[in-house]
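An overview of the molecular structure
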Amino acid sequence: MINWGILGAGKIAGALVLGIREAGGGRVAAVGSRSIERAGTFAGRFEIPAAYGSYEDLLADDDIDAIYVATRNDLHYQNTLDAIAAGKAVLCEKPFALNSGQAAEMVAAARSAGVFLMEAMWMRFIPAIVELRELVSGGAIGEIRTVAADFGFRANAGAGHRLVEPSLGGGALLDLGVYPISLAMLLLGEPESIAASASIGASGVDEQVAVSMTFPGGAISSAYATFMADSPTEAHVVGTEGRVWVHPRFHNPERLDVIGADGAVREIDLPIGGSGYRFEVAEVHRALLAGETESPMRTLDDSLAVMRVLDAVRDQVGVRYPGE
Ligand SMILES: NC(=O)c1ccc[n+]([C@@H]2O[C@H](COP(=O)([O-])OP(=O)(O)OC[C@H]3O[C@@H](n4cnc5c(N)ncnc54)[C@H](OP(=O)(O)O)[C@@H]3O)[C@@H](O)[C@H]2O)c1
């Protein structure tokens, strides 16, 4: 049984608690928050046995095996380094870090300490995405030429909200764009070139961003992410012998349509049937029990490669976070 500690008692943390429960093989043993009141409320709501009023106290709990870093984007780096230093396995929310420099330090720390670390890129572990990867690598639609995906919703985030605040790692790219970019790279590998454009909001971060990439062998991808409108949030993988429509929302889809060159449609239904977060948690459990320090499904090199792309995009559109 893996004992989890939840670091940060926010919105996504609650969703992960349910995922951990449904994954089997683990339990949420404690939650840590900057505020003991918030930790207590969260623990009461989810029936968690221990509540700590600081992240340090949570990390000092010897009964905890794995830490789920559920804090804001700007804190993933330090929270992850601290958890690694405490000898804990770490599942860290996306975006993995603010930039590739931070991510490289996190990866180096985990590797040198010999502890497990994984970015919580839950999309990778959703059954329909696992199936998509297998279909595509098995040649079901020939050679992939194009991957197109979008992720957008109307955020109505006021000034200072973490989604738009530069000091908190705000912007559509890091919060939403990380998904379509990760999908393209899951299917096509590392890009050879990147071209980006963005609408920059009053706070100085990207409210919308569009990213085109080219890959070795000539495949291309296009992605956009927006906080300004509800977009379809679907993906299309186009090959020389057909295409796959990944139904909305493509980062946790339940249906794929495989459309052959002759137009015939094969529908593949893979219902999630519960928390979509349980699949990534199950992978952490599997890896920990096997004594692995990385998941072969979402390697640390994968996360680093995506962070390098996010850096390049921000460089092109002129989004810098304080201190960079
Ligand atoms: N995988 C997904 O589907 C998904 C969905 C949404 C978000 N996320 C990611 O999850 C992370 C958290 O997002 P969220 O929506 O859960 O945000 P949230 O509700 O605002 O929670 C973030 C947490 O960060 C902690 N925090 C530490 N220092 C803080 C400070 N100075 N001000 C405010 N909060 C501080 C807080 O925990 P305490 O106050 O308890 O210490 C807070 O609860 C983000 O990185 C986001 O990208 C992932």
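**Re the domain arrangement of the protein**
Each assigned domain of the protein is listed with its residue range as follows: domain 1 (2–120) and domain 2 (123–277 + 305–317). Between domain 1 and domain 2, the C-alpha centre-to-centre distance is 26 Å. Taken together, the contact pairs 20 residues of domain 1 with 16 residues of domain 2. Here domain 1 meets domain 2 over a buried area of about 1,500 Å², counting both sides, of which 60% is carbon and sulfur. Linking domain 1 to domain 2 there are one salt bridge. Where Lys94 meets Asp175, a salt bridge forms, and the shortest distance between an N and an O atom there is 3.6 Å. At the boundary of domain 1 with domain 2, the tally comes to six residue pairs in polar contact (both at pLDDT 80 or more). Counting residues per element, the side of domain 1 that touches domain 2 draws most heavily on helix α1 (residues 11–23), at six residues. Grouping the constituent residues of the side of domain 1 that touches domain 2 by class yields 10 nonpolar, five polar and five charged.

**A closer look at the sheet that holds strand β7 (residues 144–152)**
Strand-to-strand pairing in sheets goes through backbone hydrogen bonds, with the strands running parallel or antiparallel. With mixed pairing, eight strands are arranged side by side in an open sheet as β8-β9-β10-β7-β11-β12-β13-β14. For this open sheet the edge positions go to β8 (193–200) and β14 (265–269), each flanked by a neighbour on one side alone. Strand-to-strand twist of the sheet, defined as the mean angle between neighbouring strand axes without regard to direction, takes the value 10°. Direction of pairing for β7 relative to strand β10 (residues 220–226): parallel, over a ladder of seven bridges. Residue pairing across strands places Asp150 opposite Tyr224, the latter belonging to β10. Of the strands in this sheet, β7, β11 (235–239), β12 (242–246), β13 (255–260) and β14 are in contact with helix α6 (residues 127–137), which crosses β13 at around 20°. Relative to β7, helix α7 (residues 172–188) is tilted by about 160°, and along the sheet it contacts β7, β9 (206–214), β10 and β11.

**Things to note about the packing of aromatic side chains**
For any pair of aromatic rings, the description consists of the separation of the ring centres together with the inter-plane angle of the planes. Following the criterion strictly, the structure yields five aromatic pairs and no others. With centroids separated by 4.8 Å and ring planes inclined at 50°, the aromatic side chains of Phe42 and Phe46 adopt a geometry described as tilted. Within this pair, Phe42 and its partner Phe46 are both found in helix α2 (residues 36–46), separated by four residues, close to a single helical turn. For the ring pair Phe151 and Tyr179, a centre distance of 5.4 Å and an interplane angle of 40° mean the geometry is tilted. Taken as a pair, Phe151 in strand β7 and Tyr179 in helix α7 lie far apart in primary sequence, 28 residues in all. Here Phe151 matches Tyr179 in class, with each residue buried.

**Some remarks on helix α8 (residues 278–289)**
Its 12 residues give α8 an end-to-end C-alpha distance of 16 Å, which sits within 8% of 16 Å, the value for a rise of 1.5 Å per residue. Looking only at α8, the buried set comprises Arg278, Phe279, Glu280, Val281, Glu283, Val284, His285 and Ala287. Just downstream of α8 lies Gly291, where phi reads positive at about 75°.

**Re the side chain of Arg298**
In this structure, Arg298 sits in the loop between α8 and α9 (300–317). Polar side-chain contacts of Arg298 include one of 3.3 Å to the side chain of Ser182. Sequence-distant contacts of Arg298, that is, excluding residues within four places in its chain, are made with Met118, Glu119, Met121, Arg124, Phe125, Ser182, Ser303 and Val306.

**Things to note about the environment of His247**
Note that His247 resides in the loop between β12 and β13. The class of His247 is buried, set by a relative accessible area of 13%. Considering only alpha carbons, one finds His247 and Ala235, 12 residues apart in sequence, at a separation of 6.9 Å. Discounting chain neighbours no more than four positions away, the residues touching His247 are Pro253, Arg255 and Asp257.

**Details of the site of the ligand**
Residues in contact with the ligand amount to 23 residues; listed here are only the nearest, Ser33, Arg38, Tyr55, Asn73 and Tyr277. Within the side chain of Asn73, a nitrogen or oxygen atom sits 2.6 Å from an oxygen atom of the ligand. For the ligand, the protein covers 81% of the area, taking 880 Å² as the surface of the free molecule. Considering only residue class, the shell around the ligand consists of nine nonpolar, six polar and eight charged.

**Let's talk about the pairing of β13**
Bridge count for β12 against β13 is five bridges, and the pairing is antiparallel. Residue pairing across strands places Gly242 opposite Gly260, the latter belonging to β13. Two successive antiparallel strands, β13 and β14, enclose a turn made up of four residues, where Gly263 displays a positive phi of approximately 90°.

Rules used throughout
Residues numbered from 1 in each chain as written. Predicted model: local features only at pLDDT ≥ 70, side-chain atom pairs only at ≥ 80, totals over all residues. Heavy atoms only, no water. Domains from an automatic or database assignment. Contact = heavy atoms within 4.5 Å. Buried area = accessible area lost by both parts, 1.4 Å probe. Salt bridge = Lys/Arg side-chain N within 4 Å of Asp/Glu carboxyl O. Polar contact = N/O pair within 3.5 Å; in protein donor to acceptor, adjacent residues only side chain to side chain. Helix = DSSP H or I, 4+ residues; strand = E, 2+ residues; numbered from the N terminus. Nonpolar A, V, L, I, M, F, W, Y, C, P; charged D, E, K, R; others polar. Pairing = 2+ DSSP bridges. Axes fitted to C-alpha atoms, helices over the stretch in contact; angles between N-to-C directions. Phe/Tyr/Trp six-rings, centres within 6.5 Å; stacked < 30°, edge-to-face > 60°. Buried < 20%, exposed > 50% of the residue type's maximum accessible area, 1.4 Å probe, protein only. Expected span 1.5 Å × (residues − 1). Near = heavy atom within 4 Å. Areas by Shrake-Rupley, 256 points an atom, 1.4 Å probe, with all protein chains shown as cover.

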